Amino acid sequence: MTARSAMLASPAEIDLEVIGMTCASCVMRVEKTLKAIPGVKNASVNLATEKASVVADSSVTSEVLAAAVRKAGYDVASREIELQVDGMTCASCVSRVEKALLKVPGVTSAMVNLATEKATIQALSTVSPGALQLAVERAGYTATKATAAVAQGERTKLPQWWPVALGGVLTAPLMAPMLLSLFGIDWMLDGWVQLLLATPVQFLLGWRFYVAGYKAVRAGAGNMDLLVALGTSAAYGLSVYLLFKHAGHEMMQHLYFEASAAVITLVLLGKWLEGRAKRQTADAIRALNALRPTIARVRRDGNEVEVPVEQVVVGDLVVVRPGERVAVDGEIAEGHTHIDESLITGESLPVARTIGDNVTGGSINAEGVLLVRTTAVGAETTLARIIRMVESAQAAKAPIQRIVDRVSAVFVPVVLGIALVTFLGWVALTGNWEAALVNAVAVLVIACPCALGLATPTAIMAGTGVAAQSGILIKDAEALEVAHAVTMVVFDKTGTLTEGKPSLAAIVPAQGQSRDEVLRIAAALQRSSEHPLAHAVLDTVRSEQLSVPEAHGARALAGRGIQATVRGQEVFLGSTRLLRELRAEPGPLAAESERLESEGKTISWLVRRQGEAAAVMGLLAFGDRIKVSAHEAVARLHEMGIETMMLTGDNKGSAQAVAHELGIKSFRAEVLPGDKAGMVQRLRDAGSVVAMVGDGLNDSPALAAADLGMAMSTGTDVAMETAGITLMRGDPRLVADAIHVSRKTYSTIKRGLFWAFAYNIIGIPLASLGLLSPVVAGAAMAFSSVSVVGNALLLRRWRGSASNQAPAATAVPLASDQRAQA
């Protein structure tokens, strides 16, 4: 395959904002339409976010997808963006800029005016001005936003509630006789006045149902709009027929104008309330987006210059004053402060940061002037990745949604069939076709596919949003659904349950060796390593101001240690497993090793090899502290009925001390990275639903092998990419919080689906039996959607236990450490 063909074959993800969907059957139709396009690998449509995420070959353009959606009877949101372009000098410049803009996915047209130096772009609503500016800059010009983007549908000055208000004003007089009759007052509005009031409701406010229903029929499918249009038209038509038939009679026949008008007004009210509630479920994304700074103060040529944050590049020095948001991800080059990261990590207390520490864009500098060297910009910043992950989770479908999809595919045709049977049945039994038609109308308007379509996505939006605010990032809906069923949590030890910042507690030389010589050679081996134990050795060398010899040919021995040549000798530093592999005898140091291990220390052996013979030069003992929050984390999991286990590459004594301190009954020590994954798989084979919690590169295979991987963001990027859930700070209590929010979300989904099905299962038979009037049916239908979304909104009250207590950075020593210090 050529490089070009490989590029064309690689799939890309395109997002569309779909306008006009009202129920689960709409979702199914849009998905089927998109999946039918050649080159589309997958399409997922979310009713709550009103977005379609399409994975397709690069040959599939946004315009093709938009055209398909429109052909299916819906529309795709677009907007007009204006950019001020500087640096153009001739017509060829104009052509170059236009071509660059048209290459941006989602751009449908681009016109550049050389005289005004403005570019007018028509694009999908998902296209950001920043992406367009970047395209222009890559073409060799500069671009700034001339005007704010105007989204389709936002040009109207009228508030969104005006149709509901107008419908209420026109419908109230029609409903008055029914309400007055409850108090024994017999009053009837003139039939022609009823016609005058009901007609604008039916054909002005209700026009949207006709349009959407017609598009559905043209596409060979049905939706909620079709049901409302058919039901209200039947009630309105029957009333007009009766009005003309009995015109001039002294006794006016009862008309059903109030039914058609009330159903339309109630449905509009329900959609307005539903829209407000859906916007509330997206609060987390809006809160995260609000953290994005737009301006950065950059130091260039000795001067401070304010530039758009999109123009900051890696390596730039950014000045951050007290009270300001940090504009970029970076490393502190000058200054020290406390940083408020609460809206990113969920940590309620500001954390200390000084020279060399990393800071995250969007966090707040509490005190002191900082000079930050930029390490990530644009889509690569932590905040951008968080927003991307939350949006992805909110747009994804949970496996439970498959049940709803199957039901919604046949829902509208079945309801139409039931309405027809109701009409024919009542005509056959009573001969009264007017009553038969009213009951059929009630069947049409009580049916609510909207509630079915909204139950799952709104709960996922609310659950993932509130979790993100507590420092729990859920990669996708499947991870959220799996987490609720977890029966066993497997922890890595170092960096997960302990601080992961060990200190050198003891250096014991073998006979004939000096302490300083053992430390020097160990430091030579560790000089190029990033392992926490290496940092402990090098910190000790620096504090004692010892010289360190050169090491040559250093190489890591996976899960065992390190090997190099120092002063012409082949030396090794590593675990007891490595000691056995080298067949080196510990001699008198064996007893000392056992004592230190029983106190929870991690032992590293320094071994020299000459030919086939290996001799121990000494041992180094390292102590690590258990995180203070680890005790509560394990206790909470046990309270929730979840078993715990610990897997570590550390020695048995150290592992046993930590497990005993935390109340973890099962543990495995001296486990290699590959063996961790095998152990996790065996637990799964035994019937456990396993969550693996780790933070290191060596945890990645186990994270992937588990039903659910949880990575702490204090660890490596590889671990976080492998995991289904990322914990934004090194607090093990977040593990229990993640499972708890998953359980709450899953129960919310089930409760929402129960009520959605219950409304239809109970309401449709009652309506077909003539026990519900169209007005009551319309009210029930509108209420069902609102109640399902309102049920999801209850999740916004959830708060994790780790958000309101002591920070995870605090740690306590093992009992053995306390004894040693005493």
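None of the values given here were measured: they were computed from a predicted structure.

Scoring rules and cut-offs
Residues numbered from 1 in each chain as written. Predicted model: local features only at pLDDT ≥ 70, side-chain atom pairs only at ≥ 80, totals over all residues. Heavy atoms only, no water. Helix = DSSP H or I, 4+ residues; strand = E, 2+ residues; numbered from the N terminus. Buried < 20%, exposed > 50% of the residue type's maximum accessible area, 1.4 Å probe, protein only. Contact = heavy atoms within 4.5 Å. Areas by Shrake-Rupley, 256 points an atom, 1.4 Å probe, with all protein chains shown as cover. Pairing = 2+ DSSP bridges. Axes fitted to C-alpha atoms, helices over the stretch in contact; angles between N-to-C directions. Parallel < 35°, antiparallel > 145°, perpendicular 65-115°, else oblique. Left-handed = near helix turned anticlockwise from the far one by under 90°. Nonpolar A, V, L, I, M, F, W, Y, C, P; charged D, E, K, R; others polar. Phe/Tyr/Trp six-rings, centres within 6.5 Å; stacked < 30°, edge-to-face > 60°. 1 Å grid on protein atoms, 1.4 Å probe; cavity = no way out; pocket = protein on both sides within 12 Å on 5 of 7 lines; lining within 4 Å. Points joined across faces, edges and corners; volume = space filled by probe spheres on them. Patch = residues over 30% accessible without salt bridge, like charges linked within 9 Å, V, L, I, M, F, W, Y side chains within 5 Å. Salt bridge = Lys/Arg side-chain N within 4 Å of Asp/Glu carboxyl O. Core = buried A, V, L, I, M, F, W, Y, C linked by side-chain atoms within 4.5 Å. Arc of directions from axis to C-beta. pLDDT = per-residue confidence, 0-100. Expected span 1.5 Å × (residues − 1). Polar contact = N/O pair within 3.5 Å; in protein donor to acceptor, adjacent residues only side chain to side chain.

## Section: the overall build of the protein chain
Point 1. Along the protein chain, the regular secondary structure elements total 29 helices and 32 strands.
Point 2. Here the protein chain holds 822 residues, and 52% of them are scored as buried.
Point 3. If you take every contact in the protein chain between residues at least 6 apart in sequence, the share linking residues at least 24 apart comes to 69%.
Point 4. Of the accessible surface of the protein chain, which amounts to about 35900 Å², a share of 57% is contributed by carbon and sulfur atoms.

## Remarks on the pairing of strand E23 (residues 569–574)
Point 1. As paired elements, strand E22 (residues 561–566) and E23 share six bridges and run antiparallel to each other. Counted as the bridge partner of Ala 564 is Val 571 from E23.
Point 2. The antiparallel hairpin formed by E22 and E23 contains two residues in its connecting segment, where Arg 567 sits at a positive phi of about 55 degrees.
Point 3. Relative to strand E24 (residues 602–610), E23 runs antiparallel, the two sharing five bridges. Bridging from a neighbouring strand, Glu 570 pairs with Arg 609 of E24.

## A closer look at the packing of helix H18 (residues 515–526) against helix H19 (residues 532–544)
Point 1. Orientation of H18 relative to H19, taken along the N-to-C sense of each, is 130 degrees, at an axis distance of 9 Å. When the axis of H18 is compared with that of H19, the two are oblique. The handedness of the crossing between H18 and H19 is left-handed. Here Arg 515, Asp 516, Leu 519, Ala 522, Ala 523 and Gln 526 of H18 come into contact with H19, specifically with Leu 533, Ala 534, Val 537, Leu 538, Thr 540, Val 541 and Glu 544.
Point 2. In terms of residue class, the contact of H18 with H19 is made up of eight nonpolar, two polar and three charged.

## Topic: the environment of Gly 471
Point 1. Its place among the elements puts Gly 471 in the loop between helix H16 (449–469) and strand E18 (472–474).
Point 2. Classification of Gly 471 as buried rests on a relative accessible area of 0%.
Point 3. For the pair formed by Gly 471 and Asp 737, sequence separation is 266 residues and the distance between their alpha carbons is 9.8 Å.

## As for the packing of aromatic side chains
Point 1. As enumerated under the stated definition, the model contains seven aromatic pairs in all.
Point 2. Ring centres 5.9 Å apart and planes at 15 degrees place the aromatic pair Phe 203 and Tyr 210 in the stacked group.
Point 3. Judged by centre distance (5.2 Å) and plane angle (90 degrees), the rings of Phe 203 and Tyr 236 are edge-to-face. In this pair, Phe 203 sits in helix H7 (residues 191–205) while Tyr 236 sits in helix H9 (residues 224–245), placing the two residues 33 residues apart along the sequence.
Point 4. Residue Tyr 236 is classed as buried on the basis of its relative accessible area of 11%.
Point 5. Ring pairs connect the aromatic residues Phe 203, Trp 207, Tyr 210 and Tyr 236, which therefore count as one cluster.

## A word on the environment of Ala 436
Point 1. Here Ala 436 is to be found in helix H15 (residues 433–446).
Point 2. Linking Ala 436 and Gly 770, residues 334 residues apart in sequence, is a C-alpha distance of 8.4 Å.
Point 3. The residues touching Ala 436, leaving out its near neighbours within four places in the chain, are Phe 423, Trp 426 and Val 427.

## A closer look at empty space enclosed by the protein
Point 1. Enumeration according to the criterion identifies seven cavities of 30 Å³ or more in this entry.
Point 2. In this structure, the second largest cavity occupies an estimated 60 Å³ of space.
Point 3. Around the second largest cavity, the lining comprises twelve residues; the ones closest to its centre are Lys 493, Gly 600, Thr 602, Asp 624 and Ser 654.
Point 4. Of all the elements in the fold, those that place two or more residues in the lining of the second largest cavity are strand E25 (613–623) and helix H23 (652–662).
Point 5. Of the residues in the lining of the second largest cavity, the class split is four nonpolar, five polar and three charged.

## Some words on a nonpolar patch on the surface
Point 1. Taken together, the side chains of Ile 761, Ile 762, Leu 766, Leu 769 and Leu 771 present a nonpolar region at the surface, about 500 Å² in accessible area.
Point 2. Within the secondary structure, Leu 771 is located in the loop between helix H27 (733–768) and helix H28 (774–793).
Point 3. Since its relative accessible area comes to 57%, Leu 771 is described here as exposed.

## Observations regarding the pattern of salt bridges
Point 1. This model, assessed by the stated rule, comprises 20 salt bridges.
Point 2. The partner of Glu 592 in a salt bridge is Arg 595, and the shortest N-O contact between them spans 2.7 Å. Here Glu 592 and its partner Arg 595 are both found in helix H21 (residues 589–598), three residues apart, which amounts to about one turn of the helix.
Point 3. Overall, Glu 592 belongs to the partly exposed group, its relative accessible area being 26%.

## Topic: the nonpolar core
Across soluble globular proteins, nonpolar side chains have a tendency to be buried as a group.
Point 1. If you look at the biggest cluster of nonpolar residues, it comprises 152 residues, and the most contacted ones within it are Leu 34, Leu 83, Leu 101, Val 489 and Ile 725.
Point 2. Element by element, the count of residues in this core is highest for H27, at twelve residues.
Point 3. Excluding residues that lie within four positions of it along the chain, Ile 725 makes contacts with Ile 472, Leu 473, Ile 474, Ala 479, Ala 483, Leu 708, Gly 709, Met 710, Ala 711 and Ala 738.
Point 4. Ile 521, Ala 523, Met 617 and Phe 622 belong to the second-largest nonpolar core, a separate cluster that totals 24 residues.

## Focus: the sheet that holds strand E29 (residues 690–694)
Point 1. If you trace the seven strands from one edge of the open sheet to the other, you get E18-E31-E30-E29-E19-E27-E28, paired in mixed fashion. Taken across any chain shown, the strands that pair with only one partner, and hence form the sheet edges, are E18 and strand E28 (666–668). Across the sheet, the mean angle from the axis of one strand to that of its neighbour is 20 degrees, orientation sign disregarded.
Point 2. Sheet topology note: the E29/strand E30 (residues 708–712) ladder contains four bridges and is parallel. Opposite Val 693, over in E30, you have Met 710 as the bridge partner.

## Considerations on the packing of helix H22 (residues 628–639) against H27
Think of two packed helices as two axes; the pair is described by the angle between the axes and how far apart they sit.
Point 1. Direction vectors running N to C along H22 and H27 enclose 30 degrees, while the axes themselves pass 7 Å from each other. Taken as axis vectors, H22 and H27 run roughly parallel relative to one another. Here Ser 629, Glu 632, Ala 633, Arg 636 and Leu 637 of H22 lie close against H27, whose contacting residues are Arg 733, Val 735, Ala 736, Asp 737, Ile 739 and His 740.
Point 2. Taken together, the residues of the contact of H22 with H27 break down into five nonpolar, two polar and four charged.

## Observations regarding unusual backbone geometry
Point 1. Backbone geometry at Arg 567 places phi at a positive 55 degrees, although glycine is not the residue there.
Point 2. By the secondary structure assignment, Arg 567 is in the loop between E22 and E23.
Point 3. Located in the positive-phi region is Arg 583, a residue other than glycine, with phi close to 55 degrees.

## Some points on helix H5 (residues 129–138)
Point 1. Taken together, the buried positions of H5 are occupied by Pro 129, Leu 132, Gln 133, Ala 135 and Val 136. Here the buried residues of H5 occupy an arc of 160 degrees about the axis, which is enough to place them on one side.
Point 2. Immediately beyond the C-terminal end of H5, within one or two residues, lies Gly 140, with a positive phi of roughly 105 degrees.

## Brief notes about the confidence of the model for the protein chain
Point 1. On average, residues of the protein chain carry a pLDDT of 79, and 83% of them reach 70 or more.
Point 2. Confidence over residues 1–9 falls short of pLDDT 50; this stretch has five contacts with residues more than four positions distant or in other chains.

## Some words on helix H2 (residues 24–35)
Point 1. For H2, built from twelve residues, the straight-helix expectation of 16 Å at 1.5 Å per residue is met to within 8% by its first-to-last C-alpha distance of 17 Å.
Point 2. By the criterion of burial, H2 is predominantly enclosed, with nine of the twelve residues buried.
Point 3. Every buried residue of H2 is accounted for by Ala 24, Ser 25, Cys 26, Val 27, Met 28, Arg 29, Val 30, Glu 31 and Leu 34.

## Brief notes about the side chain of Lys 627
Point 1. Within the secondary structure, Lys 627 is located in strand E26 (residues 626–627).
Point 2. Engagement of the side chain of Lys 627 in a polar contact is seen with the backbone oxygen of Gly 730, the distance being 2.7 Å.

## Let's talk about the environment of Phe 754
Point 1. Here Phe 754 is to be found in helix H27.
Point 2. What makes Phe 754 exposed here is its relative accessible area of 52%.
Point 3. In sequence terms Phe 754 and Ala 455 are 299 residues apart; their C-alpha atoms lie 9.1 Å from each other.

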